[in-house]
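# Chains, contacts and geometry: an overview
The primary structure of each chain is shown beneath.
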Amino acid sequence: MADVAPIQLIRTPEALAAIRDELGDCTRCKLHGLGRRQIVFGVGHPSADIMFVGEAPGADEDVQGIPFVGRAGQLLTKMIEAMGLRRDEVYIANVLKCRPPNNRDPQPDEVESCEPFLFKQIASVQPKVIIALGAFAARALLKTMDPISRMRGRVYEYRGAKLIPTFHPSFLLRSPGYKREAWEDLKTALGVLGRQPPSLPAPSSSQD
Ligand code: URA
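Here is a short report on the structure shown in this document.

Cut-offs applied
Residues numbered from 1 in each chain as written. Predicted model: local features only at pLDDT ≥ 70, side-chain atom pairs only at ≥ 80, totals over all residues. Heavy atoms only, no water. Axes fitted to C-alpha atoms, helices over the stretch in contact; angles between N-to-C directions. Helix = DSSP H or I, 4+ residues; strand = E, 2+ residues; numbered from the N terminus. Parallel < 35°, antiparallel > 145°, perpendicular 65-115°, else oblique. Contact = heavy atoms within 4.5 Å. Nonpolar A, V, L, I, M, F, W, Y, C, P; charged D, E, K, R; others polar. Expected span 1.5 Å × (residues − 1). Buried < 20%, exposed > 50% of the residue type's maximum accessible area, 1.4 Å probe, protein only. Phe/Tyr/Trp six-rings, centres within 6.5 Å; stacked < 30°, edge-to-face > 60°. Lys NZ or Arg CZ within 6 Å of the ring centre and 35° of its normal.

## Comments concerning the packing of helix H1 (residues 13–23) against helix H4 (residues 108–125)
Between H1 and H4, the shortest axis-to-axis distance is 9 Å and the interhelical angle comes to 170°. Judged by the inter-axis angle, H1 sits roughly antiparallel to H4. For the pair H1 and H4, contact is made by Ala 15, Leu 16, Ile 19, Glu 22 and Leu 23 and by Phe 117, Lys 120, Gln 121, Ser 124 and Val 125, respectively. Residue classes in the contact of H1 with H4 are distributed as 6 nonpolar, 2 polar and 2 charged.

Laid out in structure tokens, this is it:
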């Protein structure tokens, strides 16, 4: 499998469509037989400067075929808007494209089968910043078992981008006190792009 699309296709909707076509109705790992309804490929701008990478689709994403559309997704949308961006200006994908049964943790063989497609998405979109949402995504991308508390607050070189680990929105829903640290990470991402956050208050520590 070639890892990158032909140069003239990179950063276009066609390049992403070609990767989606290659994925097909994937049976490369066992998740296709474990109750997933559909593949959740990714959504957003084909040449976004910022790419968010989560863990795997949940129940709502499995129904709608779009990443981050459930409660955690609604919080992610607010985080994106707090950065002065719209969802359609960024690219959003997951390490796994299929929902694990009962939202269990992805397993190593599933990551191994699926991650080449995320790598191709990264190679196509060529984001300047990748924001890894939560310990699972950050560990899977960086191939480490470090706790998220050690990874966040740092900027990593990754596949031609700056990778910034932060807390997963699901965790922030359970532990809203950590939103302030997540906001620092989002401001770091904006800083890498030479952008300022809009003069809005930082996301509150409420359950919203
Ligand atoms: N959690 C994730 O990691 N990804 C989604 O798409 C939804 C919830």
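Alright, that's what it looks like, and here's the rest.
## Points about helix H3 (residues 71–82)
Taking 1.5 Å per residue, 12 residues should reach 16 Å; H3 reaches 17 Å between its end C-alpha atoms and fits that length. All of the buried residues in H3 are Ala 72, Gly 73, Leu 75, Leu 76, Thr 77, Met 79, Ile 80 and Ala 82. On its buried face, H3 is in contact with strand S2 (50–54), strand S3 (91–94), strand S4 (129–133), helix H7 (169–174) and helix H8 (179–192). Looking one or two places after H3, you find Gly 84, whose phi comes out positive at around 85°.

## Some words on the environment of Thr 77
If you trace the backbone, Thr 77 turns up in helix H3. Exposure remark for Thr 77: the relative accessible area of 19% places this residue in the buried category. Residues Thr 77 and Arg 37, spaced 40 residues apart in sequence, show a C-alpha to C-alpha distance of 24 Å.

## A look at the packing of aromatic side chains
Scanning all chains against the criterion turns up 3 aromatic pairs. Arranged with centres 5.2 Å apart and planes meeting at 65°, the rings of Phe 167 and Tyr 178 form a pair that is edge-to-face. Taken as a pair, Phe 167 in the loop between strand S6 (161–166) and H7 and Tyr 178 in the loop between H7 and H8 lie far apart in primary sequence, 11 residues in all. With a relative accessible area of 6%, Phe 167 lands in the buried category. By relative accessible area, Tyr 178 is classed as partly exposed at 37%. With a centroid separation of 5.1 Å and 50° between ring planes, the pair formed by Phe 171 and Tyr 178 is classed as tilted. Positioned above the aromatic ring of Phe 119, the side-chain terminus of Arg 159 is 3.5 Å from the ring centre.

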